[in-house]
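Coordinate analysis (summary)
Listed below, chain by chain, are the residues.
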Amino acid sequence: MLINPKPVIVENSYIKDYEKLYKDSIENPEAFWENIAKELNWFKPWNKVLDWQYPYARWFVGGQTNIVYNALDRWLKTDVADKTALIWVSQDGTDKKYTYKQLNDEVSRFANGLKSLGVRKGDKVTIYLPRIPEQFIAMLGCLKIGAVHSVVYSGFSAAALKNRVEDAQAKVVVCSNSYPYGKKTVESFKNVEEALKDNKTVENVIVVKRLETTNIVFPATNFKFHWWHELVAKQDIICSTEIMEATDTAFILYTSGTTGTPKGIIHAHGGYQVGIYLTLKYVFDIRPDDIFWSTADAGWITGHSYILYSPLINGITTFVYEGTPDYPDIEIWWKLIEKYKVTKFYTAPTAIRALMKFGEEAVKKHDLSSLKLLGSVGEPINPEAWLWFYKNVGREQIPIMDTWWQTETGMFMITPVPSAGLKPGSAFKPFFGVETAIVDDKGNPVPVNTQGYLIIKKPWPAMFLDVYNNPARYKETYFEKIPNVYFAGDSAKIDEDGYYWITGRNDDVIKVSGHRLGSAELESAFVSNPKVAEAAVIGKPHEVKGESIKAFVILKVGVVPSDELKAELVQTVRKSIGPIATPDEIDFVDKLPKTRSGKIMRRVLKAKELGQPVGDVSTLED
Ligand code: PRX
């Protein structure tokens, strides 16, 4: 099925002829990106657009800039200064609006607060905050002074926070006392206390008082605690933006991979800002009066690139709702779109599938005529969810941008543009200046409509710099499986019209409600329980979550299997990673399929579980 956009979208959008511009961009990607970079502000221009020394790419070498220089500073002397940069709606429905000028004042205060604590260029700051304005102010505040932020999703457990703070060697942690989450109150400060026990690098902890009702006592430790409001009250609203090399690290963001420990993905100031600026502009057809709502959380890359940085670099209004899609009721998203006249709405298939279950009525009651474009991200969107979103939210008038990308890519890589003819479930074709292909394990292109590995042939500007503290892992994971190209870890196929169909991960990463979890990470969570001898974890298709977690567990000799023990193991995993990693099914087994060298063959478990052919088992030990 091909859905063609309405003429009004085709005629008005930036890109009228995708194929022509794509061809031009690919013939000379460096010239293409250089022209775009010139639309942004630089303290000093670059002397080399791309330095590609496989497997490391460095963009705009010699150039000096700062993401904040483009996200805030450059607007301050223009009309944009008084425009709303951020609309934040709390769970109880009250809102806070910040103009660019006001946001800059808050960011400067916080940045000065960091400086007063001795934070300097290159220092690491872990931000463990819920979806509140301070989360964004803290991120911008770090970059403003050249500090490196590492945002940790507020739903992660104390143990997950601990290893991320330690790996980054953070000097500062920014957190909240507690926060509302639906009907519950999350006592997040307790996690911070637990995570920082025996910590050797943290010097200061800054605490936002999100809920007046939660009383906390700052414990006696060798680092200092500060209330956010007290720290910033003393600070000036003038703070100069640090001049950064284009290739300097802006932030680290941890993401799951094939081993037990998460990887710190590093992004730089220069290329990243160029990539995210243009992708949002072209794909969501950004206009000055846009109110852009991405329902993600800044704990993930979507929140970094497209809730915060790109909307501000594009000078528009970004919209944030603190609560969940079903709180206070399942109409909340549609009510908010209607009330705040959101123009572009970007969400995840899992949320669409969850809301679909409640029927069309909840959506139909609301006037969603302000919407001009829709978007989807995080996992493949099944055609039923696509069509439901298109019909009920888009009223068959507005197209859906199904954007494929990753924490590592920083920006959209395979995505439609508004004028493209769309096939529900396909992410269309590569973005300008991005060269992708589907290949076999030797790197040879596979025939049309054949599943293979998704690769990216050449560097792109928002490409990650490295894996923090682990360059070996950078090379092995992304650049050695298939020589000379970036290996994305996804399977996909290309149809007869050149459209890409992403089928999912091929590397033991499980996507639960769009969240990325590693099988190995889950398995080590299971075996952290002293009753467990061994565990193997697979992802299984799930109607709403996309994938669910199924574990096969071998108990230690003498431990009796029971439902209570299953419940205990669920808690073990939640405690070790967080509620997003809650296992759906646990089977107690006596044996696991292994290779002769002792590696668990998850592929065999998965095939058996799904009733599919098991494939080549010649390496199976038994
Ligand atoms: O498997 C792909 C899936 O999400 C993975 C990247 O996850 P993460 O780094 O957490 O970033 C998510 C937000 C960008 C990819 O390897 N994925 C992401 N977007 C899509 C998708 N799969 C299919 N279609 C998409 N639009």
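Per-chain numbering applies: the sequence of each chain, read as written, is numbered from 1 onward. Where totals are concerned, whole chains, interfaces and linings use all residues; where local detail is concerned, this predicted model gives features only for residues with pLDDT of at least 70, and gives and counts side-chain atom pairs only at 80 or more. Computation of side-chain values covers all heavy atoms of the structure but excludes hydrogens and water.

Topic: the packing of aromatic side chains
Pairing of aromatic rings covers Phe, Tyr and the six-membered ring of Trp, with a centre-to-centre limit of 6.5 Å; geometry is then stacked below 30 degrees between planes, edge-to-face above 60, and tilted otherwise. Summed over all chains, the structure comprises 57 aromatic pairs. Where Tyr306 meets Tyr346, the ring centres are 6.5 Å apart and the plane angle is 85 degrees; that geometry is what we call edge-to-face. Here Tyr306, found in helix 11 (residues 301-313), pairs with Tyr346, found in strand 18 (residues 344-347); they are 40 residues apart in sequence, far enough to count as distant. For Tyr306, a relative accessible area of 0% translates into the label buried. Note on exposure labels: buried denotes an accessible area under 20% of the residue type's maximum, exposed denotes more than 50%, and partly exposed covers the range between, all computed with a 1.4 Å probe on protein chains only. Under the relative-accessibility criterion, Tyr346 is labelled buried at 0%. Ring pairs connect the aromatic residues Tyr14, Tyr18, Tyr22, Phe32, Trp33, Tyr282, Phe428, Phe431, Phe432 and Tyr499, which therefore count as one cluster. Against the face of Tyr14 rests Lys281, its NZ or CZ located 5.2 Å from the ring centre. Counting from the N terminus, the helices are DSSP H or I runs at least four residues long and the strands are E runs at least two residues long. Here, over-ring charges are defined by two tests on the NZ atom of lysine or the CZ atom of arginine: distance to the ring centre within 6 Å, and angle to the ring normal within 35 degrees.

Quick notes on the domain arrangement of the protein chain
Domain boundaries in the protein chain define domain 1 (7-69 + 248-500), domain 2 (116-242) and domain 3 (513-610). Domain limits in this description derive from either an automatic procedure or a database domain assignment. Summarising the inter-unit geometry, the C-alpha centres of domain 1 and domain 3 are found 31 Å apart. By buried area we mean how much accessible surface two parts lose on assembly, using a 1.4 Å probe and totalling the loss over both. Summed over both partners, the interface of domain 1 with domain 3 comes to about 1200 Å²; 47% of that surface belongs to carbon and sulfur atoms. It is Ser256, Trp300 and Thr350 that lose the most area in domain 1 upon contact with domain 3, and together they represent 38% of the buried surface on that side. Just to be clear on terms, a salt bridge is a Lys or Arg side-chain nitrogen sitting within 4 Å of an Asp or Glu carboxyl oxygen. Linking domain 1 to domain 3 there are two salt bridges. Here Glu408 ties to Arg516 by a salt bridge, and the two come within 2.7 Å at their closest N and O atoms. Under the rule applied, a polar contact is a pair of N or O atoms within 3.5 Å (in protein, one hydrogen donor and one hydrogen acceptor; residues adjacent in sequence only if both atoms are side-chain atoms). If you look at where domain 1 meets domain 3, you find seven residue pairs in polar contact (both at pLDDT 80 or more).

What to know about the sheet that holds strand 23 (residues 436-439)
Ordered in space as 23-24-26-27, the four strands form an open sheet in which the pairing is antiparallel. The open sheet terminates on both sides in strands that have one partner only, identified here as strand 23 and strand 27 (500-505). Looking at each pair of strands side by side, their axes are set apart by 45 degrees on average, direction ignored. Any two strands with at least two DSSP bridges between them are considered paired. Both strand 26 (residues 486-494) and strand 27 contribute to a ladder of five bridges, which runs antiparallel. Along strand 27, the bridge assignment pairs Ile494 with Tyr500. Inter-axis angles, ranging from 0 to 180 degrees, are taken between N-to-C directions of lines fitted to C-alpha atoms, where helices are fitted over the stretch in contact.

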